[in-house]
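Chain residues, written in single-letter form:
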Amino acid sequence: MAGARGRPEEAGGYVVTYGRGRVVEAGGSALVVRRRPRERTRAAVLVLHGGQENGLRPARPWQPAALRMRPFVSAAASVSSPRDVLIGQVRYRHQGWNDAADPLQDTLRALDELRGVAGDASVVLVGHSMGGRAALRAAADPSVHGVLALAPWCPPGDPVDDLAGTRIVVLHGDRDRTTAPADSAAYVRRARSSGGQAGMVLLRGGDHAMLRRSRDWHRASAAAIRRLLRPERDLDGWTAEACASDEPLLR
């Protein structure tokens, strides 16, 4: 999101400028719409950025954790139809997870807001790090049919309830020193035991910031999003292979 700039508005939100366009984030809303469909919304992709374990400072769209997700917003747009697929992001109140699981609460608010504008559209959540944790925790929401978790933070005690029928794809770099790939693998096993269709891919040389092999992160994410947006079809290719494998795939 190089070149983006923001300024406070009277309503309490922010205006962020991208090239020739302008996106207005209204104060108090957890849902930021990046692309509104031309027709009735059939499906939606919501992107969730990372953050910190603890931190009550306001989250802003020009902070590095948020900027890091811009290519994934573009990837989601590139593999979905502008006719009937909404692209959005979850707007956090705080930079940290904190004791109240603040990003999870923000994600659930965004899903409620989305239902208000898109009805029963099926949702794919794409989250990185702390955002991956929030996406996985929100996977039990009835609107969510798929989750792509990128280097997610997966503490062993997080619940895996009500995942039947939900598809979960985890991408994790094997050189991640911030969140543990082993914790992601354990989460996938627990999600399967709860009825979720889950699989994991380890990217050789991949780091937590997704800078090493960045193009592979973006391409793999685009391919996963394309498949997760089709809940009526069986998974295929490497996503199906990952969900059928006892161990993470190494790519």
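Residues numbered from 1 in each chain as written. Predicted model: local features only at pLDDT ≥ 70, side-chain atom pairs only at ≥ 80, totals over all residues. Heavy atoms only, no water.

Draft legend 1. Inspection of unusual backbone geometry at higher detail. Even without being a glycine, Ser129 presents a positive backbone phi close to 60°. By the element assignment, Ser129 lies in the loop between β7 (122-128) and α4 (130-137). Taking the relative accessible area as the measure of exposure, Ser129 reaches 9% and is therefore buried. One non-glycine residue, Met210, adopts positive backbone phi at about 65°. When you line up the elements, Met210 lands in the loop between β10 (197-203) and α6 (214-228). Residue classification places Met210 among the buried residues on the basis of a relative accessible area of 3%. (Helix = DSSP H or I, 4+ residues; strand = E, 2+ residues; numbered from the N terminus. Buried < 20%, exposed > 50% of the residue type's maximum accessible area, 1.4 Å probe, protein only.)

Draft legend 2. Summary view of the side chain of His128. Looking at the secondary structure, you find His128 in strand β7. What makes His128 buried here is its relative accessible area of 1%. The contact partners of His128, leaving out residues within four places of it in the chain, are Leu48, His49, Gly50, Arg68, Met69, Leu150, Ala151, His208 and Met210. (Contact = heavy atoms within 4.5 Å.)

Draft legend 3. Summary view of α4. Among the eight residues of α4, seven are classified as buried, and the element is accordingly described as predominantly covered. Listed as buried for α4 are Met130, Gly131, Gly132, Arg133, Ala134, Ala135 and Leu136. On its buried face, α4 is in contact with β5 (43-48), α3 (102-118), β7, β8 (144-150), β9 (167-173) and α5 (181-193).

Draft legend 4. Representation of the packing of α3 against α4 within the structure. As a packed pair, α3 and α4 sit with axes 9 Å apart at the nearest point and diverge in direction by 55°. Of the possible angle classes, the one that applies to α3 and α4 is oblique. The interaxial crossing formed by α3 with α4 has right-handed handedness. Facing α3, whose interface residues are Pro103, Leu104 and Thr107, α4 presents Met130, Ala134 and Arg137. Per-class residue counts for the contact of α3 with α4 are four nonpolar, one polar and one charged. (Axes fitted to C-alpha atoms, helices over the stretch in contact; angles between N-to-C directions. Parallel < 35°, antiparallel > 145°, perpendicular 65-115°, else oblique. Left-handed = near helix turned anticlockwise from the far one by under 90°. Nonpolar A, V, L, I, M, F, W, Y, C, P; charged D, E, K, R; others polar.)

Keep in mind that these numbers describe shape and distance, not what the molecule does.
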